[in-house]
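Now for the letters of each chain:
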Amino acid sequence: MHFTYLITGGNFTHAGHASSQVKRILKQLNVNPVTIKRIVVALYEAEVNVVAHAYRGNIDVDIEPERVLVLITDEGPGIADIELAMKEGYSTASPKVREMGFGAGMGLSNMKKNSDKLIIQSQVGQGTHVELTTFLTQ
Amino acid sequence: MRIKDILTIIDGTVACGNNRMNDEVETGFASDLMSDVLTLQTNNLVLITGLANVQTIRTAEVADISHIILARNKKASPELLALASENNQVIIECPYSMFKTCGLLYNAGLKAIY
Ligand SMILES: Nc1ncnc2c1ncn2[C@@H]1O[C@H](COP(=O)(O)OP(=O)(O)OP(=O)(O)O)[C@@H](O)[C@H]1O
Ligand SMILES: [Mg+2]
């Protein structure tokens, strides 16, 4: 099964909308609640990152019996030093983003904790591509 | 601790989720940082926050949190309430500071996560 969603950078009113839809779909598919929470928390962090740090993006969700693959691709400033960005506490979030309750610098490490495989690729001045894989076996 | 007992303890008012007053919660967590909330693995907790926006509700939804206390006399906006009722979440408005709200609930036996 395949689903796609658009994300608008800077628009917090819709931030989390796609994650919420994906949660509903996974529930309907009877995926176990602990796995659902991991997938959706990781996706939500990625979705909010596009809203908070990039201009626009899209989400591709591919669900197969043995795994869920989520791709989040954005057009934005990109990440110059991914290793540094992964560090808990590192954040370049704007005051506006902090007012919304984000900008603790926890998102990327939280995505790592809540996925079985995390790949981040980024090109400064162009954008960022995130791949989250979660296995459904068990 | 039942939600209706929480209301009495913190002089709270229900803004959404009147049908869930007999729900029980065991633990509480207080934060204004949404990424903090997203790191929790505990189930059945009540979130105490001073951040009353739609993002609070989305974050709670993603983190499987159904019970939210808005401290610091924050009022839920119509957009916040619309989303919370769509998610069947309970929203309680409380007139006290975060410190007092947490203190009252802790004193009454609500457990901390860590
Ligand atoms: N999609 C993105 N585009 C550009 N920069 C990004 C993107 N995602 C993350 N970053 C950069 O990496 C940093 C760390 O991201 P991370 O998600 O860990 O923290 P945060 O978004 O700043 O705060 P939090 O996620 O705790 O609310 C960001 O502050 C930003 O500088
Ligand atoms: Mg983030």
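Basis of the calculations
Residues numbered from 1 in each chain as written. Chains lettered and ligands numbered in written order. Predicted model: local features only at pLDDT ≥ 70, side-chain atom pairs only at ≥ 80, totals over all residues. Heavy atoms only, no water. Helix = DSSP H or I, 4+ residues; strand = E, 2+ residues; numbered from the N terminus. Rg over C-alpha atoms; globule rule 2.2 N^0.38 Å. Buried < 20%, exposed > 50% of the residue type's maximum accessible area, 1.4 Å probe, protein only. Contact = heavy atoms within 4.5 Å. Areas by Shrake-Rupley, 256 points an atom, 1.4 Å probe, with all protein chains shown as cover. Lys, Arg positive; Asp, Glu negative; His and termini not counted. Charge placed at Lys NZ, Arg CZ, Asp CG, Glu CD. Salt bridge = Lys/Arg side-chain N within 4 Å of Asp/Glu carboxyl O. Disulfide = S-S within 2.5 Å. Phe/Tyr/Trp six-rings, centres within 6.5 Å; stacked < 30°, edge-to-face > 60°. Lys NZ or Arg CZ within 6 Å of the ring centre and 35° of its normal. Axes fitted to C-alpha atoms, helices over the stretch in contact; angles between N-to-C directions. Parallel < 35°, antiparallel > 145°, perpendicular 65-115°, else oblique. Left-handed = near helix turned anticlockwise from the far one by under 90°. Nonpolar A, V, L, I, M, F, W, Y, C, P; charged D, E, K, R; others polar.

A. View of the overall build of chain B. Per the secondary structure count, chain B includes five helices and six strands. For 114 residues, the compact-globule estimate of 2.2 N^0.38 gives 13 Å, and chain B sits close to it at 12 Å. Considered along the principal axes of its C-alpha atoms, chain B spans approximately 35 × 30 × 25 Å. Among the 114 residues that make up chain B, the fraction classed as buried is 52%. A fraction of 52% describes how many contacts in chain B between residues 6 or more apart in sequence connect residues 24 or more apart. With the model as given, the accessible surface of chain B reaches about 5,000 Å², and the carbon-plus-sulfur share is 49%.

B. The overall build of chain A, seen in detail. For chain A, the helix and strand inventory stands at five helices and five strands. The N-to-C order of helical and strand elements in chain A reads β-α-α-β-β-α-α-α-β-β. Relative to a compact globule of 138 residues, whose C-alpha radius of gyration would be 14 Å, chain A shows 14 Å and is just as compact. Seen along its three principal axes, the alpha-carbon backbone of chain A occupies a region of about 40 × 30 × 25 Å. With 138 residues in all, chain A has 51% of them scored as buried. Taking all contacts inside chain A whose residues are at least 6 apart in sequence as the whole, residues at least 24 apart take part in 62%. For chain A, the exposed area adds up to about 6,900 Å²; of that, 54% sits on carbon and sulfur atoms. Taking the average place of the 13 positive charges on the side chains of chain A and the average place of its 14 negative ones, the gap between the two points comes to 7 Å.

C. Broad picture of the pattern of salt bridges. What the rule picks out here adds up to 12 salt bridges over all chains. In this structure, B:Glu61 and A:Arg24 form a salt bridge, with 3.5 Å as the shortest nitrogen-oxygen distance. A residue pair is termed interchain when its members come from two chains, as with B:Glu61 in helix H3 (residues 54-62) and A:Arg24 in helix H1 (residues 17-28). Residue classification places B:Glu61 among the buried positions, given a relative accessible area of 8%. Judged by its relative accessible area of 34%, A:Arg24 falls in the partly exposed class. Between B:Arg72 and B:Asp32 there is a salt bridge; the shortest N-O distance is 3.5 Å.

D. Up close: the state of the cysteines. Residue and element names in this part refer to chain B. Evaluation of the coordinates by the stated rule reveals zero disulfides over all chains. Looking at the unpaired Cys16, the closest cysteine sulfur is the one in Cys94, lying at 17 Å. Given the relative accessible area of 10%, Cys16 is considered buried. Here Cys102 is not disulfide-linked; the sulfur of Cys94 is the nearest cysteine sulfur, at 9.3 Å.

E. Broad picture of the packing of aromatic side chains. Enumeration over the complete set of coordinates arrives at three aromatic pairs over all chains. For the ring pair A:Phe12 and A:Phe102, a centre distance of 6.2 Å and an interplane angle of 25 degrees mean the geometry is stacked. On the criterion of sequence distance, the pair formed by A:Phe12 in the loop between strand S1 (2-8) and H1 and A:Phe102 in the loop between helix H4 (95-99) and helix H5 (107-113) is long-range, its members being 90 residues apart. Judged on exposure class, the residue A:Phe12 and its partner A:Phe102 are both buried. By the ring-pair criterion, three or more aromatic residues cluster together here, those being A:Phe12, A:Tyr44 and A:Phe102. If you follow B:Lys100 out to its NZ or CZ, it ends over the ring of B:Tyr96, 4.0 Å from the centre.

F. A look at the packing of H3(B) against helix H4 (residues 78-86) of chain B. All names here are of chain B. Running from N to C, H3 and H4 cross one another at 15 degrees; their axes reach a closest spacing of 8 Å. Relative to H4, the element H3 is oriented roughly parallel. With respect to the hand of their crossing, H3 and H4 are arranged in right-handed fashion. Across from Val54, Ile57 and Arg58 in H3, the residues of H4 making contact are Glu79, Leu80, Leu83 and Ala84. Considered class by class, the residues forming the contact of H3 with H4 number five nonpolar, no polar and two charged.

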